[in-house]
Each structure stands twice: as C-alpha cells, then as structure tokens.
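Here's the letter readout for the chains.
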Amino acid sequence: MTGKELYYIAEAKFGNMLAGDGPFTKRCHEWLEQTSGCNKSLLTHSCTAALEMAALLLDIQPGDEIIMPSYTFVSTANAFVLRGGVPVFVDIREDTLNLDESLIEAAITPRTRAIVPVHYAGVACEMDTIMRIAKQHGLKVVEDAAQGVMAAYKGRPIGSIGDLAAYSFHETKNVISGEGGALLVNDPALALRAEVIREKGTDRSRFFRGEVDKYTWQEVGSSFLPGELIAAFLWAQLEESERITKDRLAIWHYYHAILEPLETEGLLRRPIVPDDCQHNAHMYYVLLPEERDRQKVLGELKSNGISSVFHYVPLHSSPAGRRYARMSGELPVTTSQSERLIRLPLWVGLTFEQQNRVAAVLADALEGWAA
Ligand SMILES: *Cc1c(COP(=O)(O)O)cnc(C)c1O
C-alpha cells in the first residue's frame, strides 16, 4: 500500500460510480497511455483477461499456432488454448531466461499466427529481432508484459512495442490492485474492436461517448473490465509507481552487490541484464549450480524465517501443456534454468539489514552443502 488507496476507494464510493469505466478508470487509462505511449489502454480484471482479449482480437482459430516460451505462467498459453490455438514452445536464453529469438524462425509453420514474448523479471526480450521476424512472416506480436510495468527496451517502454501487450496488477507484481491488468493496443486498427470485446461484445463505450444513440451486440465478447473500486486502488499505486520502482531498484542493486562474492566462488549465478534493457526490479533470483539440491536450500532459508520460492514448472512438462501444446525442438535451457532458480524476498520496505541476513543464510546453505 502506498497510502492513498483507501482514500480513493472512499472517493469512488461517495461518487456513486462503482461499475467500470468511471473517473478512476479514465485516470488510469490516461496514465497508461502517456507513460507507455500506446495507442489505447484498457483496464481489465487481470493480465489473464487481457491475454484472452488479445486472442479474440487476433481472431485465433482452432489449429492456429502461437510461438511462446514454455518457461512462463499458465495464462500465456491458456488464453490462446481457449480459442483452440496451439502454443508452440521455443527454448529460452541462458542469460535472461527470455524467449530465444534465434530459435523462433525454426518454429514458424504455415499455421503460425503470433509470437508471444514474455519479459521475464521485467527484463525485455530482444524486441528488435522479434519484431523483424514477425514482420517478415506476417505474424502478430503480443507482449506478455505482466512483469514489465515501468521497464523499457532501448528506452521504449515494455508494452509499447508489439501489436498488443498485457500488463498485470496482481498483488505479486510491482504496481498492484489485488487482481487487475490492462490491455495495451499499439495497432490503431485494433482499438475499436478491443473496446467492443471488453464490453460484452457491445459498442457501449461509443454510446457513452455519444458517438451512437444506442448500444447493441456487435460481436463475440465478454466482461473484461474491473469496477471502479479496483481502479481507485490502482490509481493510488500508479501515482506512486516511480517511487515504487526506485525503491525496488535500490533493493535489487543491493542484493546484486552483496551476492557478487558468492558468484565469484561459483556458488550461484546472479541475474544478467543486457545493456539494452532498463528493468524494473520485478524480481531478484539466483541460479544454483546444476548439482545443488534446491529443495534443501529452500528448506534452509525457510527454517530461518526467509520466504523464498522457485518459479515456473515449465508448461511443456505440465499435464495441460502436454495435451494442448507442442514443443519446437528440445528445450534444454528451459529445463535446466527452471530447476536451478530461486527467488529471494523483494518488496518495498525490505531493509538492507534483512537483505544481509538473506545473503548470510544463503551463503551458509550453499557453503555448508559444499563442506
Ligand atoms: C502474473 C503473470 C500473468 C498473469 O497475471 P494475472 O494478472 O494474475 O492474470 C501472466 N503472465 C506472466 C508472465 C505473469 O507473470
């Protein structure tokens, strides 16, 4: 919480406008459009919902293929599978754990419709290459920018580069509203339909703007918009998003400094952020050496009162992933990195003393194992 959340919720309540697309949603939309430079932004009730809207907007048909990493959250794939699409998993890069752009072209078939890069930990994918490949092959690009709010690639905000992008404001992300998300529409040709799909398939948004004198069912859609209480909470967070990002970056850089000796000793690998990427400190993770027993290290941290978790069981190894998706080649980097990764505590308010303690317990766990 940044301080003003409950105040704005009260303001929404006394303004007698609790359904979606009220004054707080408008403020959030303006902020998102100004900050990202996208053509149009639409708040949704989750990033999952925004990805589902993207699949509807791209008119994904049964059998259409969508290229994405296996190392991601289920929603990246699920949104397309709901329309009968087939996720095609491509391996990730060893350094950033992002989609390996050099493997994309080999995965393209006549059925391929879109590429979905996931900006892991708020570190951008190699977007120039991905956009060039998409253009050459007539494919759409949907950025899964769930973790990418306030991060950039070569100075361009994450979320402003693909045809469409999805943000998340889930409480585990940097800027939050409990559950929440946004669809960013960069291709102006998709903007009006995006509004219709989000408003139950109707042109209600145009009606509210006075552009039509009644609203009717236009096409397939659903209810993807959040109510004003959520938007009010989110507005308080967006107002403070620069401070949140600054504080998180300070914590991230402190971890990076104090863990350097452990990397030098070969006990772990720290995150790698390419020069082109201005990240948002969404996550601080470390990769353990291949032979380490991760469960034991996590147990050691836990028994010292430190909550630390691993990330993503790769989708290709999950029951639904095996049923609905296919792999483009073997995915050795996905398998190896996902088995070695642990995420350290990172939230606004974490103190340097607490971080020192995390580092000390981690060092004990790793050195103790070696002994
Ligand atoms: C969190 C996350 C999502 C889902 O976001 P919700 O807002 O919870 O729907 C999707 N993709 C990635 C990469 C995420 O990290």
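Residues numbered from 1 in each chain as written. Predicted model: local features only at pLDDT ≥ 70, side-chain atom pairs only at ≥ 80, totals over all residues. Heavy atoms only, no water.

Colleague: Please set out the pairing of strand S8 (residues 164-168) residue by residue, giving values where relevant.
Modeller: Taking burial as the measure, the five residues of S8 include five buried ones, the bulk of the element. The alternating pattern of S8 places Leu 164, Ala 166 and Ser 168 and Ala 165 and Tyr 167 on opposite faces, both of which are buried. The pairing of strand S5 (residues 140-144) with S8 spans three bridges and is parallel. Bridge pairing in S8 links Glu 143 to Ala 165. (Buried < 20%, exposed > 50% of the residue type's maximum accessible area, 1.4 Å probe, protein only. Helix = DSSP H or I, 4+ residues; strand = E, 2+ residues; numbered from the N terminus. Pairing = 2+ DSSP bridges.)

Colleague: Outline the site of the ligand, listing residues and values.
Modeller: Neighbouring the ligand are 14 residues, the closest being Thr 48, Asp 144, Gln 147, Ser 168 and Lys 173. Here an oxygen atom of the ligand and a side-chain polar atom of Lys 173 are 3.3 Å apart. For the ligand, whose free accessible area comes to 390 Å², the fraction covered by protein is 93%. For the shell around the ligand, the class distribution of residues is five nonpolar, seven polar and two charged. (Near = heavy atom within 4 Å. Polar contact = N/O pair within 3.5 Å; in protein donor to acceptor, adjacent residues only side chain to side chain. Areas by Shrake-Rupley, 256 points an atom, 1.4 Å probe, with all protein chains shown as cover. Nonpolar A, V, L, I, M, F, W, Y, C, P; charged D, E, K, R; others polar.)

Colleague: Help me get a handle on the UniProt feature "modified residue: N6-(pyridoxal phosphate)lysine" (unreviewed entry) in the protein, residues and values and all.
Modeller: Taking the numbering used here, the UniProt-annotated feature "modified residue: N6-(pyridoxal phosphate)lysine" (unreviewed entry) corresponds to Lys 173. Tracing the chain through its elements places Lys 173 in the loop between S8 and strand S9 (181-185). The exposure class assigned to Lys 173 is buried, which follows from its relative accessible area of 18%. The residues contacting Lys 173, other than those within four sequence positions of it, are Ala 146, Gln 147, Ser 168, Arg 248 and His 282. (UniProt positions renumbered as here; feature names shortened; annotations may be inferred. Contact = heavy atoms within 4.5 Å.)

Colleague: Give me the lowdown on a negative patch on the surface, citing residues and values where you can.
Modeller: Taken together, the side chains of Glu 265, Glu 300, Asp 364 and Glu 367 present a region of like negative charge at the surface. Along the polypeptide, Glu 367 turns up in helix H15 (residues 352-370). The partly exposed category is assigned to Glu 367, whose relative accessible area is 33%. (Patch = residues over 30% accessible without salt bridge, like charges linked within 9 Å, V, L, I, M, F, W, Y side chains within 5 Å. Salt bridge = Lys/Arg side-chain N within 4 Å of Asp/Glu carboxyl O. Lys, Arg positive; Asp, Glu negative; His and termini not counted. Charge placed at Lys NZ, Arg CZ, Asp CG, Glu CD.)

Colleague: Let's hear about the side chain of Asn 174: which residues, and what values?
Modeller: As for its placement among the helices and strands, Asn 174 is situated in the loop between S8 and S9. A polar side-chain atom of Asn 174 sits 2.8 Å from a polar atom in the side chain of His 282. Setting aside anything within four residues of it in sequence, one finds Asn 174 in contact with Gln 237, Ile 244, Arg 248, Asn 280, Ala 281 and His 282.

Colleague: Quick one: what's the story with helix H4 (residues 74-81), residue by residue and with numbers?
Modeller: Counting buried positions along H4 gives six out of eight residues, so the element sits mostly inside the fold. Residues Ser 75, Thr 76, Ala 77, Ala 79, Phe 80 and Val 81 constitute the buried set of H4.

Colleague: Just give me the short version of the domain arrangement of the protein, but keep the residues and values in it.
Modeller: It is common to give the size of an interface as the accessible area that goes away when the parts come together. Considered domain by domain, the protein is made up of domain 1 (5-239) and domain 2 (241-370). One C-alpha centre belongs to domain 1, the other to domain 2, and the line joining them spans 26 Å. Residue-level contacts link 47 residues of domain 1 with 38 residues of domain 2. When the two sides are added together, the surface that domain 1 and domain 2 hide from each other amounts to roughly 3,500 Å², 57% of it contributed by carbon and sulfur. Considering only the side of domain 1, the residues that lose the most area to domain 2 are Tyr 71, Phe 89 and Asn 174, jointly responsible for 19% of the buried surface there. (Domains from an automatic or database assignment. Buried area = accessible area lost by both parts, 1.4 Å probe.)

Colleague: Can you tell me about empty space enclosed by the protein, naming the residues and giving the values?
Modeller: Under the definition given, this model contains two cavities of 30 Å³ or more. Considering only enclosed or pocket space, the largest cavity measures out at about 60 Å³ in volume. Residue lining of the largest cavity: Thr 96, Tyr 120, Ala 121, Val 123, Trp 252, Pro 271, Ile 272, Val 273, His 279, Met 283 and Tyr 285, and that is the complete set. Residues of the lining of the largest cavity, tallied by class, amount to nine nonpolar, two polar and no charged. (1 Å grid on protein atoms, 1.4 Å probe; cavity = no way out; pocket = protein on both sides within 12 Å on 5 of 7 lines; lining within 4 Å. Points joined across faces, edges and corners; volume = space filled by probe spheres on them.)

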